[in-house]
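One letter stands for each residue in the lines below.
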Amino acid sequence: MYVRLILLFTYIITINTQTGSFPDCKSGPLSTFPICDQSLPSRVRAADVVSRMTTAEKITQLVTTAAAIPRLGLPKFEWWSEALHGVAYSPGVAFGGDLPAASSFPMPINLGATFNLSLVHRIASIISNEARAFNNEGRAGLVFFTPNINIFRDPRWGRGQETPGEDPFLTSQYVYTLINGLQRGDDERYLKIAADCKHYAAYDLEDWNGTDRYHFDARVSDQDLIETYMPPFETCIRDAKVASIMCSYNAVNGVPSCANKFILETIARESYHLDGFVVSDCGAVSTIMNAHHYTSTVEDTVAVALHAGTDLNCGDFYSKNTQTALDKKTIVEADIDQALQRTFNVLVRLGYFDPPEQQPYRKLSKNDVDTEEARQLSLEAAQQSIVLLKNTNKALPFDINGLQNKKIALIGPTANATGLMQGNYFGNAPFLISPLLGFELITQSHSINISYAMGCKITDGDESGFAAAIELAKSSDIVIFFGGIDQSVESEGHDRTSIALPDVQLRLIEQLEKVVRTPLHVVIMSGSSLDLSYVSDSNECASLIWMGYAGQSGGLALANVMFGIYNPGGRLPITIYPESYVNAVSMFDMQMRPSSTNPGRTYKFYTGKAIFEFGDGLSYTTFDYSWSNDSLVSKFSIESLMKNNYNEKNVVGHPYRVNITNTGMVAGDDVVLAYVIPPQITFNDQTPPLKKLFGFERVHLNVHESTEVFFPFNMQSLLTVAHDGSKWLEPGFYKILIGKQHIHTIHLQGKPTRWS
């Protein structure tokens, strides 16, 4: 069985030379055929090239490592490249030669914490520039299996770090922006690269309590599918028009995703209008039979996958068994043709068959990789993603001029982290600035002593390093503890059983608190929730920062924040739960709403007390909100809304206008979050969300500067999803919150009415 774990070394693969990477439509074997006629629609061209293949040749094109077809002038093609937060190690990517490295931006969980869509778009544009440059040098493909847009529903999930967080609205906005930056550029005739939204659908378990992702059957109600798990994919497919999606290892309600005609055809193609192809997760076609036991023969397995709409097999199941399926008549050749027409249509849209001289993307080169713009953007993104969670008595920022001849101690297992800051799905970074190096860079022109002791490892209980760390702390004026977790704790293929801060780190913090001259500062690296209640509650801990996995410039970004060169403005894109949460609900329970065996998931439904809430984050300055809506309450008739035939995106009433003023002493960013609180009454035995996000905006304000932010409120934000997946307008009072301030109420009048 293929396991799609990305190993931390370069794949040894054969890469075609640049001159042999594309078909020759000028003088090659296909040059006189419709495939090379640019005046024809892409689908017609794709159908033409497929029609010229023999059956055996077609079968070789059904897998991600597609063989060359010399008689047609088609070179070998590798469909699997990666670029989650920068061009990354994968079968299609090879670092070396003129391209030894690629920009390594912060992980998506960090980008979620920025709440800055323009930043996301800029990053995506640079990633796609670098991806095309690698392709032009024969060092990457044209199709990149990114992004991961599954909802981070459970804090134990090892791959939540790959997502922008727990909220469907945030994730949907993120993916729309990201796909546009990846796939579109200056030349609208072509896709810049082909992106791939994964993992479709309801995938968020790796290996927990004896069940792994290959065997897991996600039992999901229609309500949760429509309300939580599907919206990011709907946006990715219907609105962003992604070129491909990836069906996941797990089953959904008893049917393996890659054999699930309902989610692939009925929803993705017919409802969301997918104009692209479906690729299996790597080995997921095989798991239909070998793990889920949904089929019992190879010919039936090929048939259910192809008929469901899985066009491309990451793995070799199709290449080994499709001929058998043809011989046994479980499929016909037209099934293969349909799959290949979809994949080759994307290749046509990528300009694969067109002359390079007419394509700007084919001119991107090594000069477009690791540019000064990319380096600055990586630093900016890391800074914007850092979340200040505690700052007692304004302990931060440090006054660099007041620390002359002072000693700062960096203690802990992540203080000198480098590769750890890249998270997973990473490439070879041009450089990696650890916190230790970042502090040294910031203070190098000042007489400040920066010292370091590891103290302990991430999880190893060995305390032999405590003594040196404690002695260093005793002699230091400021002590910063750097803790958290890494890919040995949370990763692809590995879920957690505990969300507590590792015991050895907590013990070291307790020892440091006893000897420090001034209260301790704590910095946490992680891609997920850790119970930080001890640090939050301790009077001996002055500040707490979450920095996620902040990429190549993470250490410098952190130093800039702690010395006040940059004012933090990040906000948590996840809920920080208490340690006991993992004992209250099974990872197998896909239900979002609370029940007798589930305290509820995410800020929308969690009924317990969070350590830190979704959206939490502090600044070194203060902001004041004011608003000027016409009235405090707006009344709407459900009947009139229905008669006016609103669609879900139509705006109800006027946009909410909020004035934000920086009332503090330094410039800074504010993340303005807009929520709606629906009527807290049970409808059809279904609990409504506690609140839900419907808008956000990040703004930068100088001291005493003001700006106005607009938040349209559309029908979708008023709709309630019932257990059967139907959408309703319900009467009652809907409160509008900006941050935590109630600014307006919408009063819906009438009877509960089904919308769709």
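Predicted, not measured: the structure shown is a model, and the values here were computed from it.

*Asks:* An account of the overall build of the protein chain is requested, with residue identities and associated values reported.
*Replies:* Scanning the protein chain for helices and strands turns up 21 helices and 27 strands. In summary, the protein chain has a C-alpha radius of gyration of 27 Å against a globular reference of 27 Å for 756 residues, a match within 12%. Along the first, second and third principal axes, the C-alpha atoms of the protein chain reach 75 × 70 × 50 Å. Put simply, the protein chain has 756 residues, and 63% of those count as buried. Look at the contacts in the protein chain between residues 6 or more apart in sequence, and 77% of them connect residues 24 or more apart. Carbon together with sulfur atoms contributes 50% to the accessible area of the protein chain, which is approximately 26700 Å² in total.

*Asks:* Please set out the nonpolar core residue by residue, giving values where relevant.
*Replies:* One finds Tyr200 and Phe439 to be the most contacted residues of the largest nonpolar core, which totals 206 residues. With nine residues, the top contributor of residues to this core is helix α4 (residues 117-136). Formed jointly, this core draws a minimum of three residues from each of two domains, domain 1 (34-368) and domain 2 (379-584). Apart from residues no more than four positions distant in its own chain, Tyr200 is found in contact with Met230, Phe233, Ile245, Met246, Cys247, Ser248, Ser257, Ile263, Leu264, Ile267, Ala268 and Tyr272.

*Asks:* Outline the side chain of Ser619, listing residues and values.
*Replies:* Looking at the element boundaries, Ser619 is found in the loop between α20 (602-605) and β17 (623-627). In terms of polar contacts, Ser619 uses its side chain to reach the side chain of Asn567, at 3.2 Å. Separated by 3.1 Å, the side chain of Ser619 and the backbone nitrogen of Thr621 make a polar contact. In this structure, Ser619 is in contact with Asn567 and Pro568, ignoring residues within four places of it in sequence.

*Asks:* Outline the pairing of strand β26 (residues 741-749), listing residues and values.
*Replies:* Bridge analysis of strand β18 (residues 633-637) against β26 gives five bridges, and the strand direction is parallel. Of the residues in β26, the one forming a bridge with Ser637 is Gln749. As judged from the seven bridges shared by strand β25 (residues 732-738) and β26, these two strands associate in the antiparallel manner. By the bridge assignment for β26, Gly732 is matched with Leu748. The antiparallel pairing of β25 with β26 creates a hairpin that spans two residues between the two strands, and Gly739 there sits at a positive phi of about 65 degrees.

*Asks:* Give me the pairing of strand β3 (residues 196-200): which residues, what numbers.
*Replies:* Across the five residues of β3, five count as buried, placing the element largely inside the fold. As paired strands, β3 and strand β7 (residues 244-247) are joined by three bridges and run parallel to one another. Its bridge partner being in β7, Cys197 is matched across the sheet by Ile245.

*Asks:* An account of the domain arrangement of the protein chain is requested, with residue identities and associated values reported.
*Replies:* Splitting the protein chain by domain gives domain 1 (34-368), domain 2 (379-584) and domain 3 (623-754). Every contact between the two is made by 45 residues of domain 1 and, on the other side, 43 residues of domain 2. Summed over both partners, the interface of domain 1 with domain 2 buries about 3400 Å², with 52% contributed by carbon and sulfur atoms. Summed over the shared surface of domain 1 and domain 2, the number is three salt bridges.

*Asks:* An account of the confidence of the model for the protein chain is requested, with residue identities and associated values reported.
*Replies:* Scored by pLDDT, the protein chain has a mean of 95; 96% of the residues are at 70 or more. Residue range residues 1-20 is modelled with pLDDT below 50. Its contacts to residues more than four positions away, or to other chains, number 56 contacts.

*Asks:* I'd love a proper account of the sheet that holds strand β16 (residues 541-546), names of residues and values included.
*Replies:* The strand order across the open sheet built from six strands is β11-β16-β15-β14-β12-β13, with neighbouring strands paired in mixed fashion. Two strands bound the open sheet, and with one partner strand each, they are β11 (387-391) and β13 (449-453). For this sheet, the mean angle separating the axes of adjacent strands, direction not counted, is 20 degrees. Note that strand β15 (residues 520-525) and β16 share five bridges and pair parallel. Following the sheet pairing, Val522 is matched in β16 by Leu544. Strands in contact with helix α14 (residues 435-443) are β12 (407-411), β13, β14 (478-484) and β15; relative to β13, the strand with the most contacts, it is inclined by about 170 degrees.

*Asks:* So what's going on with the packing of α14 against helix α18 (residues 554-562)? Residues and values would help.
*Replies:* Orientation of α14 relative to α18, taken along the N-to-C sense of each, is 50 degrees, at an axis distance of 7 Å. Viewed along their axes, α14 and α18 adopt a mutual orientation that is oblique. Crossing geometry of α14 relative to α18 is assigned as right-handed. For the pair α14 and α18, the contacting residues are Pro435, Gly438, Phe439 and Ile442 in the first and Gly555, Leu556, Leu558, Ala559, Asn560 and Met562 in the second. Tallied by class, the residues present in the contact of α14 with α18 amount to seven nonpolar, three polar and no charged.

Cut-offs applied
Residues numbered from 1 in each chain as written. Predicted model: local features only at pLDDT ≥ 70, side-chain atom pairs only at ≥ 80, totals over all residues. Heavy atoms only, no water. Helix = DSSP H or I, 4+ residues; strand = E, 2+ residues; numbered from the N terminus. Rg over C-alpha atoms; globule rule 2.2 N^0.38 Å. Buried < 20%, exposed > 50% of the residue type's maximum accessible area, 1.4 Å probe, protein only. Contact = heavy atoms within 4.5 Å. Areas by Shrake-Rupley, 256 points an atom, 1.4 Å probe, with all protein chains shown as cover. Core = buried A, V, L, I, M, F, W, Y, C linked by side-chain atoms within 4.5 Å. Domains from an automatic or database assignment. Polar contact = N/O pair within 3.5 Å; in protein donor to acceptor, adjacent residues only side chain to side chain. Pairing = 2+ DSSP bridges. Buried area = accessible area lost by both parts, 1.4 Å probe. Salt bridge = Lys/Arg side-chain N within 4 Å of Asp/Glu carboxyl O. pLDDT = per-residue confidence, 0-100. Axes fitted to C-alpha atoms, helices over the stretch in contact; angles between N-to-C directions. Parallel < 35°, antiparallel > 145°, perpendicular 65-115°, else oblique. Left-handed = near helix turned anticlockwise from the far one by under 90°. Nonpolar A, V, L, I, M, F, W, Y, C, P; charged D, E, K, R; others polar.

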